[in-house]
Amino acid sequence: MPATVADWLGAACLVSGALLALAAAIGVLRFPDVLDRMHAATKPQTLGVLLLLAGVALRLRTPADLGMVALVAVFQLATAPVAAQMIARSAYRAGRVDPTLLDVDELADR
Amino acid sequence: MTGGSGRTSGRPAGRLRGRAATWRDQGVAFGWLVLIWNLLWGQFTWGNLLGGVLVGAVVLVFFPLPPVTFGGRLRPRALLVLVARFVVELVVASVRVARIAVQPGFQPRSAIIAVPLRVRTDLNLALTAELVSLVPGTLILEVDREAGVLYLHVLDVRRPQDLADNRARVLEIERRIVRAVGSAAEVRRLDSEPDEREKKP
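Residues numbered from 1 in each chain as written. Chains lettered and ligands numbered in written order. Predicted model: local features only at pLDDT ≥ 70, side-chain atom pairs only at ≥ 80, totals over all residues. Heavy atoms only, no water.

## Regarding the overall build of chain A
Consideration 1: Secondary structure summary: chain A contains three helices and one strand in total.
Consideration 2: When the helices and strands of chain A are placed in sequence order, the string is α-α-α-β.
Consideration 3: Here chain A has a C-alpha radius of gyration of 18 Å; the compact-globule value for 110 residues is 13 Å, and the former is much larger.
Consideration 4: Principal-axis analysis of the C-alpha atoms places the extent of chain A at approximately 60 × 25 × 20 Å.
Consideration 5: Here chain A holds 110 residues, and 37% of them are scored as buried. (Helix = DSSP H or I, 4+ residues; strand = E, 2+ residues; numbered from the N terminus. Rg over C-alpha atoms; globule rule 2.2 N^0.38 Å. Buried < 20%, exposed > 50% of the residue type's maximum accessible area, 1.4 Å probe, protein only.)

## A word on the environment of Leu77(A)
Consideration 1: In this fold, Leu77(A) is placed in helix α3 (residues 63-93).
Consideration 2: Apart from residues lying up to four places away in sequence, Leu77(A) is in contact with Thr46(A), Leu50(A), Glu130(B) and Leu134(B). (Contact = heavy atoms within 4.5 Å.)

## Some points on the confidence of the model for chain A
Caution applies to low-pLDDT parts of the model: their predicted coordinates are not meant to be read in detail.
Consideration 1: Per-residue confidence for chain A gives a mean pLDDT of 85, with 97% of residues at or over 70.
Consideration 2: Helix α1 (residues 2-30) of chain A holds the highest mean pLDDT among the elements of chain A, 89, whereas strand β1 (residues 102-105) of chain A holds the lowest, 78. (pLDDT = per-residue confidence, 0-100.)

## A short note on the UniProt feature "transmembrane region" (unreviewed entry) in chain A
Consideration 1: UniProt tags residues 6-29 and 66-88 of chain A as "transmembrane region" (unreviewed entry).
Consideration 2: As annotated, residues 66-88 of chain A has a helix share of 100% and a strand share of 0%, and its two end C-alpha atoms lie 33 Å apart. (UniProt positions renumbered as here; feature names shortened; annotations may be inferred.)

## Quick look at the sheet that holds strand β2 (residues 138-144) of chain B
Consideration 1: Spatially, four strands are ordered β1(A)-β1(B)-β3(B)-β2(B) in an open sheet, and the strand pairing comes out mixed. The sheet is open, and its two borders are formed by β1 of chain A together with β2 of chain B, each paired with just one other strand. Each strand of the sheet is rotated relative to its neighbour by a mean of 25°, with strand direction disregarded.
Consideration 2: Looking at chain direction, β2(B) and strand β3 (residues 149-155) of chain B are connected through six bridges and run antiparallel. Across the sheet, residue Leu139(B) finds its bridge partner in β3(B), namely His153(B).
Consideration 3: Along the sheet face, α3(A) touches β1 of chain A together with β1 (110-116) and β2 of chain B and points at about 70° away from the line of β2(B). (Pairing = 2+ DSSP bridges. Axes fitted to C-alpha atoms, helices over the stretch in contact; angles between N-to-C directions.)

Structure (structure tokens):
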């Protein structure tokens, strides 16, 4: 019985994580400039990947795999913001940001 | 302004504590490296433990970490609050950004805002930037380490109030982090300084 519950919970996590990843993909296609796309590419991803990993962990349920899943989650959380910031910063410095899409730009006066 | 008035007495003792803190930080890093090595192999055996010790030592000797000293204290309850609120924000904001992404014909407006933090240690700056960056809707563009200012790109701004809300949210995350891992002096500074810097952006 607990195994069935875990299976179903895992399946729910997998499906919702996949839906978030789909939304992220659509956002990357639709958004107008680099910075908006970075939001779509890195952000629903965070929860999406965590949900997928939770789903995988609930289905596998072996200690060795759980350790690996936990490692993937930790490194994903630690590295995604760094990558996003590097891309966003270089996009801004290279002038690949469309100022007409911005309401306020407090970095411009610095 | 970052007055270290409490530590001026007894400089040798302070240096001794500094060295002890460095050794403690190295020890903590070493422990994590050994644990990660074992997790990567998928099981804890004596061989993996030995390999982890060797690899951890090599990593620490050849790739020394910049000295980010942890000067605070871990407060379990505040840490729990931090994690719980973070998960809630993560879920709410993920759904919001996902909806913006799939809403047909909707082009979001954005803004870049500067948020000066109140506690300017490297650790606080890095942790706040990490957490703010993980929550959807805000993206760190630039970090001014000397002044302790984060520059954020905010997705989907509709009215000026949204900007103030985002500033307040970042400062709230900073407050939760300091409550969870900051030193007593930092907590006091946050409590005694009632958000005066955020009023003059």
